[in-house]
Amino acid sequence: MRLKTVWTLAQKEMRDALHNRWFVLYTLAFVGLSLAFSYMALAGAGIAGFAGFGRTAASLINLVLLIVPLMALTIGAQSLAGEQEHGTLAYLLAQPVTRLEIFGGKYLGLLLSLLASLTLGFGISGLVMALNGGGASNPTAYVRLVWQTFLLSLTMLSVGFLISALTKRAGVAIGIGLFLWLTFVFLGDLGLMGTAIAMRVPIDELFLLSLSNPLQVFKMSAVLDINRTLDILGPAGIYALQEFGRALRYVFLAVMALWIIVPATLAYWRFANRNDF
Amino acid sequence: MITFSHLTKQFGAYKAVDDLSFSVEPHEAVALWGPNGAGKTTVIKCLLGLLQYKGQITVNDFDAHRQGRAARGQIGYVPQAQSFYDDMGTLEMTQYFARLKRAPAGDPRRLLDQVGLGEHLQKKVGALSGGMKQRLALALALLGDPPVMVMDEPTSNLDAGARDQLLHLLAAVKAAGKTIIFTSHRVEEIETLADRVLVMERGQVRFTCSAAELPGKLGWRSQVKLRLPAESLDRALGILRAGGFDVRRNGVGVIVDVAHGDKARPIHVLSAADIQVTDFVHLTDVEGE
């Protein structure tokens, strides 16, 4: 694999992301909403102005859970399927580049674009808060949230790539991506709660089930970073901390790593073995 | 040199290419001719590594499957359908592919000038006409000066004027000594480019011949319409039928079936009988049984 070729392909993806109006809109929405959430975090207490880092991080968790998976899933879903539908993928494959380089370049380019967008959103919010004297409490929580969000975006990007490798049309891929987003966001909590109630699932099994949803893992990990406990997540949260203690962070990290690596690997395997260009 | 050895490609139960073996010598131009579904484009796709196949394909001693990148590095590819990045500038896209192909930095501008796109460097690719896009495809294919050119019906989507321009450029590519393999439905492409023609049907080679032999081998015939003075029509019909032509009346003229490459003969026959042909139109070339 030639790294220079991967970088050339990645640069093209970043260029395309800058020209993608949906990507720009997502970024603007994220910046705007994160500023708004920060402002409103203290509004309920009757205090106007930008909240401190710690309180804002807690508010931003829900924002991240909604927007970041949507952004990463749809961008990942378009990556290969969009080029195939347009006919440019076959032409690219006919050049002296390998499928691994193409996959790697596209993944790297979209990854860097996503991270740049998130950095911009978090960075502007953070800067505005700092300038408004909101740094008194816990900027570390904010930085940790940024890091957790990066990981979440990578998990969803990998899932998006898997969808893209399995489909030939961008519209179908995006549709599947949206369905998965709904599943992760809305059914994750409801599904777990409903299952727990209906089937009287033991606490330990409920916790394991929650690990199957990367959004749940992100939420638990982010809450743990801010609160240092998971009490607000109920019995499953209490169980998790009691069972794993300090290792819990590493459990979350390992699960997120699996959610990044496994879908991406499957996506590459599928792309490398396709026979229908 | 390109060699195809027992190439077979199956899509489910359907054999698109069936145990095909042939080679293309250095500096030779070989055309794959045949109807839709004959397997011509499938052969090209296998050569470019877009499809998995049985058998072996080598390009200048590089195995197209096991050494795909090296094999494709020997090839400049001109596709039939122009699928490019429409939102990129012409020069911008050419520079992008030049980096992928590790071509010299000066290649993009030089080649775009060579194909007549020197004044359209900043134009978006999507704004180029069909003929311009195909010339752009040729420029991209020539990046890095590959020894082999692979083309899939290079002029099929073009109007007559654009086709002539591109054929002129392709003739120059051939004159430069490139090894060429291309698929074609068009007589002009064969006549301009091909040294040898492989006539394919149902995934196999029916026969091989030179470009000059192809019309005769396929039993090609042409139809020409001759406009004649009304008072000469009946006499002309009689003379042409006596001369062995298959002819029928059509309005103020006649339609004559002639052998390919012999379209002027009925005009000469009528002229010898003092019948003036006031106008003529070449209607079509027809492939024989």
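Refer to the structure printed above.
Analysis parameters
Residues numbered from 1 in each chain as written. Chains lettered and ligands numbered in written order. Predicted model: local features only at pLDDT ≥ 70, side-chain atom pairs only at ≥ 80, totals over all residues. Helix = DSSP H or I, 4+ residues; strand = E, 2+ residues; numbered from the N terminus. Buried ≥ 20, exposed ≤ 12 C-beta atoms within 10 Å, placed from the backbone. Contact = placed C-beta atoms within 7 Å. Nonpolar A, V, L, I, M, F, W, Y, C, P; charged D, E, K, R; others polar. Pairing = 2+ DSSP bridges. Axes fitted to C-alpha atoms, helices over the stretch in contact; angles between N-to-C directions. Parallel < 35°, antiparallel > 145°, perpendicular 65-115°, else oblique. Left-handed = near helix turned anticlockwise from the far one by under 90°. Arc of directions from axis to C-beta.

Participant: Explain the overall build of chain A to me, and be specific about the residues and the numbers.
Facilitator: Along the backbone of chain A there are eleven helices and zero strands. Walking chain A from its N terminus toward its C terminus, one meets helices and strands in the order α-α-α-α-α-α-α-α-α-α-α. Split into buried and exposed, the 277 residues of chain A put 47% on the buried side. Taking contacts inside chain A between residues at least 6 apart in sequence as the whole, the part at least 24 apart equals 82%.

Participant: Describe the interface of chain A and chain B, naming the residues involved and giving the relevant values.
Facilitator: Taken together, the contact between chain A and chain B spans 17 residues of the former and 20 residues of the latter. Elements supplying a minimum of two residues to the side of chain A that touches chain B: helix H1 (3–18) and helix H4 (88–93) of chain A. When residues in the side of chain A that touches chain B are grouped by element, the largest group, four residues, is from H4 of chain A. For the side of chain A that touches chain B, the residue count by class is seven nonpolar, nine polar and one charged.

Participant: So what's going on with the environment of Arg-163 of chain B? Which residues, and what values?
Facilitator: Residue and element names in this part refer to chain B. Within the fold, Arg-163 resides in helix H6 (residues 160–175). Sequence separation of Arg-163 and Gln-80 is 83 residues, and the distance between their C-alpha atoms is 13 Å. With sequence-adjacent residues up to four places away left out, Arg-163 is seen in contact with Thr-155, Leu-158 and Glu-188.

Participant: Account for the sheet that holds strand S9 (residues 196–201) of chain B, naming residues and giving values.
Facilitator: All names here are of chain B. Reading across from one edge, S6-S7-S8-S3-S9-S10 is the order of the six strands in this open sheet, with mixed pairing throughout. Where the open sheet ends on each side, the last strands, each with one partner, are strand S6 (75–78) and strand S10 (204–210). Direction aside, neighbouring strands of the sheet carry axes that sit 15° apart on average. Pairing geometry for strand S3 (residues 29–33) and strand S8 (residues 179–184), over five bridges, is parallel. Bridge pairing in S8 links Leu-32 to Thr-183. Lying on the sheet, helix H1 (residues 40–47) is in contact with S3, strand S7 (148–152), S8 and S9; it crosses S7 at an angle near 140°. Contacting S6 and S7, helix H5 (residues 130–142) runs over the sheet at an angle of about 170° to S6.

Participant: Tell me about the packing of H1 of chain A against helix H5 (residues 99–131) of chain A, residues and numbers included.
Facilitator: Residues and elements named next belong to chain A. One way to put it is that H1 packs onto H5 with a least axis distance of 7 Å and a crossing angle of 45°. As far as their axial angle goes, H5 and H1 are oblique. As H1 runs across H5, the sense of the crossing is right-handed. Mapping the contact onto sequence places Thr-5, Val-6, Thr-8, Leu-9, Ala-10, Gln-11, Lys-12, Glu-13, Met-14 and Ala-17 in H1 and Glu-101, Ile-102, Gly-104, Gly-105, Lys-106, Leu-108, Gly-109, Leu-110, Leu-112 and Ser-113 in H5. When grouped by side-chain class, the residues that make up the contact of H1 with H5 number nine nonpolar, seven polar and four charged.

Participant: Quick rundown of helix H4 (residues 107–114) of chain B? Include the residues and the values.
Facilitator: All names here are of chain B. When H4 is considered as a whole, its buried residues turn out to be Asp-107, Pro-108, Leu-111 and Leu-112. Projection of H4 onto a plane perpendicular to its axis shows the buried side chains occupying an angular sector of 120°, all on one side. Residues of H4 that are buried sit in contact with helix H3 (90–100) and H5.

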